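Structural characterization, general
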Amino acid sequence: MIGLISATAAGAAARDRLAAARPDRTRVYEGPVGDAVRAAFAECEQLVCFLATGAVVRLIAPLLGDKSADPGVVCVDEGGRFAVSLVGGHGGGANELAREVGELLGAEPVITTATDSVGLAGLDTLGLPVEGAVAAVSRALLDGEPVTLDAELRWPLPALPVAARGAYTIRLTDRAVEPGEREVVLRPPSLVVGVGASKGAPVEEVLELVEGALRDAGLSPASLAELATVDAKADEPGIVRAAERLGVPLVTYPAEELAAVDVPNPSEAPLAAVGTPSVAEAAALVGGGELLVPKRKSAANPAMATCAVVRRPARGRLAVVGLGPGARDLLTPRAEAELRRASVLVGLDQYVDQIRDLLRPGTRVLESGLGAEEERARTAVAEARKGQAVALIGSGDAGVYAMASPALAEASDDIDVVGVPGVTAALAAGALLGAPLGHDHVSISLSDLHTPWEVIERRVRAAAEADLVVTFYNPRSRGRDWQLPKALAILAGHREPATPVGVVRNASRPDESARVTTLAELDPATVDMMTVVTVGNTATREIAGRMVTPRGYRWQEEPK
């Protein structure tokens, strides 16, 4: 919950705007400011104070305890110009909150955390439990001192500017090791514990069994991702409460699914009780991985619980990111976040140049020239299969004549794939032209490099007969100069010569141009591969120089 505190009418107005935008996440604190701040500090995970920073510093100073537990605090000035991350930038999430508040209120986020200021990924913001010399290692990264990444496991981390050898170390491990003086230990959620239990097994017995299995194997409880069991035990109190106390989810599987898992220690007892010869080992192994601790029983007599520990394989992450038509302000916040999250970027060289300044230090860039789409897709998937966090970029929307299709054709279910939508060329062009896509419409690429012309022509003819607005991608190049005239001739057989046609080149870029002409007057020689051509349907009109297709099937009133 985010506590909101204000002292003036202007502050209250901004506070109420924020509360209205986030009603489920915010709580307004009324009354004397000092009392409100103290109450919110005790009850909320974050605070937004519409007060001067000096006043907030004096109010919260006696309340501060440990930065890992204190709420994040953001200050917004009286004029609503700045959202200042004051306390708990990382641990309390104040940096991200400042950005969010700034976006909602039109204020400039002010973030002074060193790593954020220079684009480094904060070691305590990676979403993993972290131990050791976070401040010292972060300082070494900031100062450009060599820091080694000792990754005992493959895990999709964001980019870090690490060296082959250095005096400081970032260790990624699920083993129960103590960090050295100049070392940070990151704990990936790599361990799954399968649990079986008799009816009425005490939670203490289950907990002692699980914790003992991890301890004896030299494994860290901080890397425990989940407890797993059979569906029949989904409501077994001892297992449910053990998961709650360990702070991990309880995942259950049908008995028939567990019965199909090959395990080293099957037994007749669980087969008779719940329909599978293994619960603990099978539940831990159902997603694959390395069996670190075979089935073991609890120490009670009689034993009422069993468990097994598996190190699950790391899943790489592939984000297929649409960069939009070119303008930076049409690049979505989600796309920016994925670019910052990636440790490997794959893309066409000219697209990489557009967003190179957004990449974190240490990002490995794999760029290539025109005409290598399939190779880029294979490269991106291969890097993800190595356990990397990969961003595969393309212009416009990743799923529209872009990289999503070849990437998903290569990817299997051994990696996580995330699609990040972008503003595609038809939409960017449509916004410049007016509202040409106000009713049913279709996009057709006139490039016959991957699609036979006979197929393209059939689609154009179908769109013409169906009276759809048509947007042509890849309309004309030096080596393909006859396809656009042919397509326009097909449409002309079903539409009047005065049908509006929009021609947009380099939409949203500095040299953009947009004009509305007609089907009869369009000169195909003025069109190239950087152009999008939108042909209206029989209801499309030019109104005040803009191209408009009505939402209804007819105009309410015909123009006079």
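Refer to the preceding data block for the structure.
Residues numbered from 1 in each chain as written. Predicted model: local features only at pLDDT ≥ 70, side-chain atom pairs only at ≥ 80, totals over all residues. Heavy atoms only, no water.

**Brief notes about the overall build of the protein**
Secondary structure assignment for the protein yields 18 helices and 28 strands. Taken along the three principal axes of its C-alpha coordinates, the protein extends 90 × 65 × 55 Å. Put simply, the protein has 560 residues, and 47% of those count as buried. Relative to all contacts within the protein whose residues are 6 or more apart in sequence, the contacts with residues 24 or more apart total 64%. Once the 56 positive and 73 negative side-chain charges of the protein are each reduced to a mean point, those two points are 2 Å apart. (Helix = DSSP H or I, 4+ residues; strand = E, 2+ residues; numbered from the N terminus. Buried < 20%, exposed > 50% of the residue type's maximum accessible area, 1.4 Å probe, protein only. Contact = heavy atoms within 4.5 Å. Lys, Arg positive; Asp, Glu negative; His and termini not counted. Charge placed at Lys NZ, Arg CZ, Asp CG, Glu CD.)

**Overview of helix α1 (residues 9-21)**
The terminal C-alpha atoms of α1, which comprises 13 residues, lie 18 Å apart, in line with the 18 Å expected from a rise of 1.5 Å per residue. Buried within α1 we find Gly 11, Ala 12, Ala 14, Arg 15, Leu 18 and Ala 19. Viewed end-on, α1 has its buried residues packed into an arc of 165°, placing them on one side of the element. Away from its buried face, by an angle of more than 90 degrees, α1 presents the exposed residues Ala 9 and Ala 20. In this structure, the buried side of α1 is in contact with β1 (2-6), β2 (26-28), β3 (46-50) and α4 (94-105). (Expected span 1.5 Å × (residues − 1). Arc of directions from axis to C-beta.)

**As for the pairing of strand β13 (residues 250-253)**
Bridging between strand β12 (residues 224-230) and β13 involves four bridges; their strand directions are parallel. By the bridge assignment, Thr 229 is partnered in β13 with Thr 252. Each parallel crossover has a hand, and for β12 linked through helix α8 (residues 237-246) to β13 it is right-handed. (Pairing = 2+ DSSP bridges. Right-handed = clockwise from strand over helix to strand, strands pointing away.)

**Notes on the pattern of salt bridges**
Enumeration over the complete set of coordinates arrives at 31 salt bridges. The residue Arg 27 makes a salt bridge to Glu 43 at a minimum N-O spacing of 3.4 Å. With a gap of 16 residues between them, Arg 27 in strand β2 and Glu 43 in helix α2 (residues 33-43) connect regions that are remote in the sequence. On the basis of relative accessibility, which here comes to 36%, the residue Arg 27 falls in the partly exposed class. Accessibility expressed as a relative area gives 46% for Glu 43, which makes it partly exposed. In this structure, Lys 386 and Glu 383 form a salt bridge, with 3.2 Å as the shortest nitrogen-oxygen distance. Classification of Lys 386 as partly exposed rests on a relative accessible area of 43%. Overall, Glu 383 belongs to the buried group, its relative accessible area being 6%. (Salt bridge = Lys/Arg side-chain N within 4 Å of Asp/Glu carboxyl O.)

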